[in-house]
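Chain by chain, the residues:
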Amino acid sequence: MNTSKEDDKKQSPVGGDNGTSSPMDGLIAVAAAAAAIRDNKDDSGNKKKKRKQSSGQQKDGAQISAARARRLEQNRRAAIESRRRKKVMIGELQRSVTFYSKANENLKKSNEELEELLLVAKQKLSQKDGAVSAVATGGGLKTQEEE
């Protein structure tokens with residue numbers, strides 16, 4: 001019967017956590033795990049104690065490996081689907097960023113144009129108020145700012 005560590009090593013021929021190890025490192029680790037299982041020792045080299053299985057847990061090797069193979073296949077499919085969903089979501093997020101960036105630029109331009117129009121309108125209003133004030137004083141010589 002295979003242990004989970006040995007099966008994990010078989011699935012990942014590269015070995016190592018960071019993915020920088022060579023394939024040979026993975027094979028060496030698998031060989032070491034196989035030797036430990038053969039010698040009935042754990043990772044630290046100590047003899048393993050055999051556990052008694054309760055009657056409800058007893059299965060022959062074929063049933064265990066079939067159930068494990070089914071779980072592994074189900075896990076592979078779930079991982080593939082998860083990666084597919086992630087790609088779709090990233091694509092949608094990238095499109096959203098592009099859309100909102102363009103919308104933001106358009107709003108900034110529109111805001112600048114409106115600020116310029118407001119400035120022009122204020123200038124015209126102040127000129128008009130100055131002319132009205134000059135006419136109201138009678139001489140037209142003084143503007144509102146001079147008063």
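Residues numbered from 1 in each chain as written. Predicted model: local features only at pLDDT ≥ 70, side-chain atom pairs only at ≥ 80, totals over all residues. Heavy atoms only, no water.

1. Points about the pattern of salt bridges
We count it as follows: Only one rule defines a salt bridge in this text: a Lys or Arg side-chain nitrogen within 4 Å of an Asp or Glu carboxyl oxygen. Labels follow the DSSP assignment, with helices taken as runs of H or I lasting at least four residues and strands as runs of E lasting at least two, numbered in each case from the N terminus. Relative accessibility decides the category of a residue: with a 1.4 Å probe and only protein chains considered, values under 20% of the type maximum give buried, values over 50% give exposed, and everything between is partly exposed.
Applying the stated criterion across every chain yields a total of four salt bridges. The shortest N-O distance in the salt bridge between Arg76 and Glu73 comes to 3.9 Å. Taken together, the residues span about one helical turn, with Arg76 and Glu73 both in helix H3 (residues 61-137) at a distance of three residues. Taking relative accessible area as the criterion, Arg76 reaches 44% and is therefore assigned partly exposed. Since its relative accessible area comes to 31%, Glu73 is described here as partly exposed. Of the charged contacts, one joins Arg84 and Glu81 as a salt bridge, the two residues approaching to 2.4 Å between their closest N and O atoms. Placement of the pair is Arg84 and Glu81 together in helix H3, with a separation of three residues, close to one helical turn. The exposure class assigned to Arg84 is partly exposed, which follows from its relative accessible area of 42%.

2. Let's talk about the confidence of the model for the protein chain
To keep it simple, the criterion reads: A residue's pLDDT is simply how confident the predictor is in it, with values from 0 to 100. Working rule for contacts: check all heavy atoms of both residues, and any pair within 4.5 Å makes them a contact.
For the protein chain, mean pLDDT is 74; residues scoring 70 or higher make up 48% of the total. Element-level mean pLDDT values for the protein chain span from 48 in helix H1 (residues 4-11) up to 92 in H3. This stretch, residues 4-18, has a pLDDT under 50; its non-local contacts, to residues over four places away or in other chains, come to 23 contacts.

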